[in-house]
Amino acid sequence: MVKLYDFRPTPEDAAAVLAAMADGEWADGPRTRAFEAAFAAAAGAGTAIAAANGTAALQAICAACLAPGAEVLTTPFTFIATANAICGAGAIPRFADVDPATGNLDSEAVQEALRAYPRVRALMLVHLYGRPCDMGAFTRLAAERGLTLLEDCAQAAGAAWNGHSVGTFGRAGAFSFYATKNLATGEGGMVTTDDPDLAAAVRRFINHGRGDAAYHHVSVGYNFRMHGLAAALGLNRLPHLSAGNAARRSHAAAYQAALADLDWLTLPADEPGHVYHQYVVRTPHRDRLKAHLAARGVESAVYYPDVLYRQPAYRGCGAAACPEAERLAREVLALPVRPGLTAAEQAQVIDAVRSFQ
């Protein structure tokens, strides 16, 4: 089976984690601080704060930036953690439609949604599948409307728009290092920001609301810290992120060349900053294609099979329909694009797709 992911550690990964264990860094410690500094430098961010996972990072920026009752505009075509983090801060998610070519929020649809929801005070962008949103359009819009701009970068470690890393455009960004991500530590997350006061609030939130002294808690917080073993893995893997993303881009280019003539299949449009966390094609025959690929020994997956406002948890939110997002949910299918994909494996994927009827 050609797998979507390869979870096997390298010998260097194992050595890094064993060294952290031997040094007693089973919890938050010097390696976590070192990973924060290295990630901030790589992203060009003023500060990076490590968290237990990507959801915790999202919750931290929402808690620090959103007032209870605030309305936040976001995409309905994403993993549910995006909306859950908004709700966890006592805020209210509102949804706008997406660009069918990218799956990211569409700036014109966002402007329409802002007219429908005049009390929106923040915008949560999601860089879906590793593709940066149109940050020129959204930073202008946020400035014109006085909106707090937040970035969900869970799928986009290493992605850039016009040469600038995602997670550095808004007030804060949140990254995920889940096992399937481009930079994977099993579980883990990171907040990036250039605002020192916001960074301090995030650090308090992920550490029980602790102030400057032990057992002195100045706000409500949680144990959302990253442990040293995950940080050790992140430190070892961060220097290889660019090469891994370049390999993903190379695999994507090979798919583009080999599958572009199939009139029943829509391929993702390329752009320089896309890091292809997922290589996602579209077809009205998605479910049949998925079954066909499995029969030919190729793993594929649907990200995501439904829009958020149709999830049971959000059915009462009164969201207006987002037809492009709904169509994507019916048609998208991710093909293997992991860095270690061999030429023979990619040829197998291509042959399997081309043999579909």
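Basis of the calculations
- Residues numbered from 1 in each chain as written.
- Predicted model: local features only at pLDDT ≥ 70, side-chain atom pairs only at ≥ 80, totals over all residues.
- Heavy atoms only, no water.
- Core = buried A, V, L, I, M, F, W, Y, C linked by side-chain atoms within 4.5 Å.
- Buried < 20%, exposed > 50% of the residue type's maximum accessible area, 1.4 Å probe, protein only.
- Helix = DSSP H or I, 4+ residues; strand = E, 2+ residues; numbered from the N terminus.
- Contact = heavy atoms within 4.5 Å.
- Pairing = 2+ DSSP bridges.
- Axes fitted to C-alpha atoms, helices over the stretch in contact; angles between N-to-C directions.
- Expected span 1.5 Å × (residues − 1).
- Arc of directions from axis to C-beta.

A few points about the nonpolar core
Next, step 1: Ranked by internal contacts, the top residues of the largest apolar core, which has 29 residues, are Ile-61, Leu-66 and Met-124.
Next, step 2: Contributions of two or more residues to this core are made by β1 (47–51), α3 (54–65), α4 (81–88), β4 (120–126), β8 (172–176) and α7 (196–205).
Next, step 3: Per-element accounting of this core gives the leading share, seven residues, to α3.
Next, step 4: What Ile-61 contacts, discounting residues up to four positions off in sequence, is Met-124, Leu-150, Glu-151, Ala-172, Gly-173, Ala-174 and Val-191.
Next, step 5: Within the second largest apolar cluster, 23 residues are counted, among which are Val-281, Leu-289, Leu-341 and Ala-352.

Topic: the sheet that holds strand β3 (residues 92–95)
In a beta sheet, neighbouring strands are held together by backbone hydrogen bonds and run either parallel or antiparallel to one another.
Next, step 1: Taken in spatial order, the seven strands make up an open sheet running β1-β9-β8-β5-β4-β2-β3, and their pairing is mixed. Looking along the sheet, the strands with just one partner apiece sit at the ends: β1 and β3. Here the average twist between neighbouring strands, direction ignored, is 25°.
Next, step 2: With four bridges joining them, strand β2 (residues 71–74) and β3 adopt parallel strand pairing. Within β3, the position partnered with Leu-73 by the bridge is Arg-94.
Next, step 3: Where helix α2 (residues 30–43) meets the sheet, its contacts fall on β1, β8 and β9 (189–193), and the angle it forms with β1 comes to roughly 135°.
Next, step 4: Most of the contacts of α7 go to β1, to which it runs at about 10°, and overall it touches β1, β8 and β9.

A few points about the environment of Gln-311
Next, step 1: Assignment of secondary structure puts Gln-311 in the loop between α10 (286–295) and α11 (323–331).
Next, step 2: Sequence separation of Gln-311 and Ile-80 is 231 residues, and the distance between their C-alpha atoms is 8.7 Å.

Description of helix α12 (residues 343–354)
Next, step 1: Compared with an ideal rise of 1.5 Å per residue, which puts 12 residues at 16 Å, α12 spans 16 Å between its outermost C-alpha atoms and is within 8% of the ideal.
Next, step 2: Along α12, the positions that sit buried rather than exposed are Glu-345, Gln-346, Val-349, Ile-350, Ala-352 and Val-353. Angular distribution of buried residues about the axis of α12 spans 165°; they occupy a single face of the element. In this structure, α12 carries Ala-343 and Ala-344 as exposed residues pointing more than 90 degrees from its buried face.
Next, step 3: Residues of α12 that are buried make contact with α9 (241–259), α10 and β11 (332–335).

Focus: the environment of Gly-46
Next, step 1: With respect to the helices, strands and loops of the structure, Gly-46 is situated in the loop between α2 and β1.
Next, step 2: Along the sequence, Gly-46 and Asp-194 sit 148 residues apart, while their C-alpha atoms lie 4.4 Å from each other.
Next, step 3: Here Gly-46 is in contact with Thr-193 and Asp-194, once residues within four sequence places are set aside.

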